[in-house]
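Topology and contacts: notes
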Amino acid sequence: MTNLLKSCTAALACLSFATQGIAAEPLKALGKGEGAVSIVAWAGYIERGETDKNYDWVTDFEKETGCKVSVKTAATSDEMVSLMNEGGFDLVTASGDASLRLIAGKRVQPINTDLIPSFKTVDERLQNGPWYTVGGVHYGVPYLWGPNVLMYNTDAFKDKAPTSWNVVFEEQTLPDGKSNKGRVQAYDGAIYIADAAMYLMAHKPDLGIKDPYELNEDQYKAALDLLRGQRKLVSRYWHDAMIQIDDFKNEGVVASGSWPFQVNLLQADKQKIASTFPDEGVTGWADTTMLHADSEHPNCAYMWMEHSLKAKVQGDAAAWFGAVPSVPAACKGNELMGDSGCATNGFDHFDKIKFWKTPVAKCTTQSECVPYHRWVSDYIGVIGGR
């Protein structure tokens, strides 16, 4: 709840789309490193070998550039926006439901891709992604992308993957003979309303939902009603990946939307865990490394953005998180990823993932949609039982 209350301030950034212009010109030339770079990142995105010595893409960067890396882990996109609004950071690994808010709020600055030679190696599907480019101007470089999978306990489902998200949305008896009530989780972030909308797209087509991030009042109300019903089933609204891992290991949780990161760590720990893409589809994230408008270490930040696009770094990071690299060259020859890793993590399913994006009032699929600030306040109400 505290996390979501903080997000109210962050959400106000999306109100500024119509009133604020484009930020200043990008950096013209790269100078000497300032000795440090601070990054707001998702859990598992910036590793220096402390969890597993095989996964370290920070140590060599620090040795090569003299830029000391510090990381602030954020659990939700709203927290990332809030931290960037407060300032004091150089970079953020923003998902699509945060990146446009950061641009509109002038919290990030345009990027000169000519100063990042490896940008030309980025997947063509990502080079001009609408979640981080405005008017042809780039506001960052792609990092990783992937799906929000349905993670489940194989014992509870008798080793047969669930085919629908109904196991977390509707009360039912699971294959192990026990109710799902109190054994499922939901994401502690307002963007999760889109997961409910995606479910309704398949099960209530009469609502006419074409895009789970673009909902009119009736569609939005239906999604909230589904989430209010789910509230009776949920044991925890998760936002901390490590706490979710502990809940699946020790607290009897058997099904939830999750990231491949948690799935990988649980499987590495020999837990009876698997994941699947249900029939209704999945939401997902395409994350961008973005530079703060008031960065104190822009040269080190540019050096990090170039480093982050190296094929070895991309492959190692994607292997660790269970994501897809933004540089296709990372899909072959990476010892940690393996030559089948990209296919396993969804490289060929790009068009099937409904990527996170900020809901705005002036939408494309209908005359008017419910904007994100309402998503935030109403989802707080759902979690609070209202």
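Everything numeric in this text was worked out from a predicted model, so none of it was measured.

Now for the packing of aromatic side chains. Considering all chains together, one arrives at 25 aromatic pairs under this definition. Their ring planes at 75° and their centres at 5.1 Å tell us that Tyr-45 and Tyr-143 sit as a pair that is edge-to-face. Taken together, the positions of Tyr-45 in the loop between strand E1 (36–41) and helix H2 (59–65) and Tyr-143 in strand E6 (residues 141–147) put the pair 98 residues apart, joining distant regions of the chain. On the numbers, 5.0 Å between centres and 45° between planes, the contact of Phe-350 with Phe-355 is tilted. Each member of the pair, Phe-350 as well as Phe-355, carries the same accessibility label: buried. Through successive ring pairs, a cluster of aromatic residues spans Trp-42, Tyr-45, Tyr-55, Tyr-143, Tyr-187, Trp-238, Trp-259, Phe-261, Trp-285, Trp-320, Phe-321 and Trp-356.

Turning next to the sheet that holds strand E11 (residues 273–276). Working definition: the strands of a sheet are paired by backbone hydrogen bonds and lie parallel or antiparallel to each other. The 5 strands lie next to each other as E9-E8-E10-E7-E11, forming an open sheet whose pairing is mixed. This sheet does not close on itself; its edge strands, each paired only once, are strand E9 (234–238) and E11. Each adjacent strand pair in this sheet contributes to an overall mean axis angle of 30°, direction not counted.

Residue placement: Val-141 occurs in strand E6. Note on Val-141: relative accessible area 0%, which makes it buried. On a C-alpha basis, the gap between Val-141 and Asp-195 in space is 26 Å, while along the polypeptide they are 54 residues apart. Setting aside chain neighbours within four positions, we find Val-141 in contact with Ile-116, Phe-119, Asp-287, Thr-288, Thr-289, Met-305, Ser-308 and Leu-309.

The next thing to look at is the pattern of salt bridges. Within the structure shown, the criterion is met by 17 salt bridges. Between Asp-123 and Arg-125 there is a salt bridge whose closest N-O contact spans 2.9 Å. A salt bridge links Asp-225 to Lys-221; its shortest N-O distance comes to 3.0 Å. With Asp-225 and Lys-221 both in helix H7 (residues 217–230), this residue pair falls 4 residues apart, about one helical turn.

Approximately 550 Å³ is the volume found for the largest pocket. Taken together, 29 residues make up the lining of the largest pocket; nearest its centre are Ala-43, Gly-44, Glu-47, Thr-51 and Phe-261. Every element with two or more residues in the lining of the largest pocket is listed here: strand E2 (68–73), helix H8 (241–250), helix H9 (260–268) and helix H11 (311–321). In terms of residue count, the dominant contributor to the lining of the largest pocket is H9 (4 residues).

Criteria and cut-off values
Per-chain numbering applies: the sequence of each chain, read as written, is numbered from 1 onward. Reporting of local features is limited, given that this is a predicted model, to residues whose pLDDT is at least 70; pairs of side-chain atoms are given and counted only at 80 or more, and all residues count toward the totals for whole chains, interfaces and linings. Heavy atoms throughout the structure, all of them, feed into the side-chain values; hydrogens and water do not. Ring pairs are drawn from Phe, Tyr and Trp, using the six-membered ring of Trp, whenever the two centres fall within 6.5 Å, and their geometry is named by plane angle: stacked under 30 degrees, edge-to-face over 60, tilted for the rest. Strands are runs of DSSP state E lasting at least two residues, helices are runs of H or I lasting at least four, and both sets are numbered from the N terminus onward. For every residue, the accessible area obtained with a 1.4 Å probe (protein chains only) is divided by the maximum for its type, and the residue is called buried under 20%, exposed over 50%, and partly exposed between those limits. Two strands make a pair as long as DSSP finds a minimum of two bridges between them. Lines fitted to C-alpha atoms define the axes, with helix axes restricted to the stretch in contact, and inter-axis angles between N-to-C directions lie between 0 and 180 degrees. Residues count as neighbours in contact if any of their non-hydrogen atoms are within 4.5 Å of one another. Between Lys or Arg on one side and Asp or Glu on the other, a salt bridge is scored when a side-chain nitrogen of the former is within 4 Å of a carboxyl oxygen of the latter. Here the term cavity refers to a set of points on a 1 Å grid, laid over the protein atoms alone, in which a 1.4 Å probe fits but cannot get out; the term pocket refers to an open set having protein on both sides within 12 Å along at least five of seven lines, with lining residues being those that place an atom within 4 Å of a point. Grid points are joined across faces, edges and corners, and a volume is the space filled by probe spheres set on the points.

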